[in-house]
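Listed below, chain by chain, are the residues.
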Amino acid sequence: MKVFINKRIPEIGINMLKEAGLEVFIPDHDNLSREEWLSYCKSHDMILSVGAEFKYDKDFFNECPNVKAIALYSVGFDHVDIQEANSRKIPVGNTPDVLSKATSDIAFLLMQSVARRASYNFEKVKVGNWGDFDPLHALGQELYGKTLGIFGLGRIGFEMAKKSKAAFDMNIIYHNRHRNQEAENELGAKYVSFEELISRSDVLSIHANFKEEQKELFNADVFKEMKENAIFINTARGGFHNQKDLYDALAEHKIWGAGLDVTNPEPIFKDDPILELSNVCVLPHIGSATVEARNGMAKIAAENLIAFSKGEKMPACINPEVYSEKS
Ligand code: DGY
């Protein structure tokens, strides 16, 4: 069976696929046009999909009837129409767990960076403005004993809550589709309504899977209900927040600051005014960018395709219902 990988991934995954007897094709350049990408997809049985620029929607599935399995090189799957995959009984795999620590590390880093105004101070140093000791200038806020609100308390949210509890003894509140018993028992996390989450959080951090119906859920109406000292963190998907509304809330000091590893749109425009604000830290979607996480993702993606090629269930499958429907 033939596997198409649209961008080079760590060798460990490529070697696993080859050792399992699969034929692997990786184009010699990264910036494929949609036409090039589609033509490669059409001539392969399985896809190991890197990045989210290409959508696996109805058009894709109609145009590529030979594709039998997709392994995403990501935990997020908002670029895949799962219903369409289901209707064609195509299993779609993702890469949970291996990136939870790395991604929550970035949320934790952004929280501290914004609280202590690291970007602002670094900019000052870079332009030669170290400044004299000033008891009143550029003061941050401490996180000890503050309330961390988690929107979407799954694996990554749990890791963020665990670190924040251990480091700063933060109180954890959360809003989720389901209660998270482990977080309630181990971290004393309290389930709250969405309204309570936004009005009580000193730090509000998004860790949910993005769905279209949640588009720009965090908008002016929400920012105006948040505390003045609140820090907004988004390491999940940029689509969760309305960036203009976030800019306004930050510029008018309705909230304290924001740390973003994802933006709306993504990539962010170079001249986006939010980049001019001193209470913001923006990173270019590097949540899973560690050697350990990226190797782990390569391994799981390969395991998913190898299992499929042997007629077995993918170990990390987003739509396991395709298997029960088959039997
Ligand atoms: C993920 O795994 O979903 C990361 O956001 C990278 O896309």
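Please read all numbers here as calculations on a predicted model, not as lab measurements.

Q: Before we move on, could you go through the site of the ligand and cite the residues and values that matter?
A: What surrounds the ligand is the set S74, V75, G76, L99, R237 and H285. Measuring from an oxygen atom of the ligand, one finds a backbone N or O atom of V75 at 2.7 Å. Alone, the ligand offers 230 Å² of accessible surface; in the complex the protein occludes 77% of this. Residue composition of the shell around the ligand, by class: two nonpolar, three polar and one charged.

Q: So, the side chain of E84: which residues are in play, and what are the values?
A: Position of E84 among the secondary structure elements: in helix α4 (residues 82–87). Look at E84 and you get buried, because its relative accessible area is 14%. Within the structure, E84 has its side chain in polar contact with the side chain of R88 (distance 2.2 Å). Leave out the neighbours within four places in its chain, and E84 touches K58 and F61.

Q: Quick rundown of the sheet that holds strand β2 (residues 23–25)? Include the residues and the values.
A: Pairing is parallel in the open sheet, where five strands are placed in the order β2-β1-β3-β4-β5. The sheet is open, and its two borders are formed by β2 and β5 (92–93), each paired with just one other strand.

Q: Can you break down the pairing of strand β9 (residues 203–206) residue by residue, with the values?
A: Side-chain alternation along β9 places V203 and S205 on one buried face and L204 and I206 on a second face that is also buried. Summarising the sheet, strand β6 (residues 147–151) and β9 pair through four bridges and their orientation is parallel. Paired with F151 across the strands is I206, a residue of β9. Two strands pair when backbone bridges link them, and β9 and strand β10 (residues 231–234) are joined in this way by four bridges, in the parallel orientation. Opposite I206, over in β10, you have N234 as the bridge partner.

Q: So what's going on with the environment of T147? Residues and values would help.
A: Assignment of secondary structure puts T147 in strand β6. The class of T147 is buried, set by a relative accessible area of 11%. Distance from T147 to R200, taken between C-alpha atoms, is 7.2 Å for residues 53 residues apart in sequence. Filtering out sequence-adjacent residues up to four positions away, T147 remains in contact with M170, N171, I173, R200, S201, D202 and V203.

Q: Can you tell me about the domain arrangement of the protein, naming the residues and giving the values?
A: Partitioning the protein into structural domains gives domain 1 (2–96 + 291–326) and domain 2 (100–282). Distance from the C-alpha centre of domain 1 to the C-alpha centre of domain 2: 32 Å. On the domain 2 side, the residues contacting the six residues of domain 1 number six residues. For the domain 1 and domain 2 pair, buried surface summed over both sides reaches about 470 Å², with 57% attributable to carbon and sulfur atoms. The interface formed by domain 1 and domain 2 includes one salt bridge.

Q: Before we move on, can you summarise the pairing of β6 with the specific residues and values?
A: Summarising burial for β6: five of the five residues are buried, a large majority. Because side chains alternate across β6, one face comprises the buried residues T147, G149 and F151, and the other comprises L148 and I150, equally buried. The pairing of β6 with strand β7 (residues 171–175) spans five bridges and is classified as parallel. Note on β7: the bridge partner recorded for F151 is H175. Once you follow β6 into helix α7 (residues 155–168) and on to β7, the crossover reads as right-handed.

Thresholds, definitions, all that
- Residues numbered from 1 in each chain as written.
- Predicted model: local features only at pLDDT ≥ 70, side-chain atom pairs only at ≥ 80, totals over all residues.
- Heavy atoms only, no water.
- Near = heavy atom within 4 Å.
- Polar contact = N/O pair within 3.5 Å; in protein donor to acceptor, adjacent residues only side chain to side chain.
- Areas by Shrake-Rupley, 256 points an atom, 1.4 Å probe, with all protein chains shown as cover.
- Nonpolar A, V, L, I, M, F, W, Y, C, P; charged D, E, K, R; others polar.
- Helix = DSSP H or I, 4+ residues; strand = E, 2+ residues; numbered from the N terminus.
- Buried < 20%, exposed > 50% of the residue type's maximum accessible area, 1.4 Å probe, protein only.
- Contact = heavy atoms within 4.5 Å.
- Pairing = 2+ DSSP bridges.
- Domains from an automatic or database assignment.
- Buried area = accessible area lost by both parts, 1.4 Å probe.
- Salt bridge = Lys/Arg side-chain N within 4 Å of Asp/Glu carboxyl O.
- Right-handed = clockwise from strand over helix to strand, strands pointing away.

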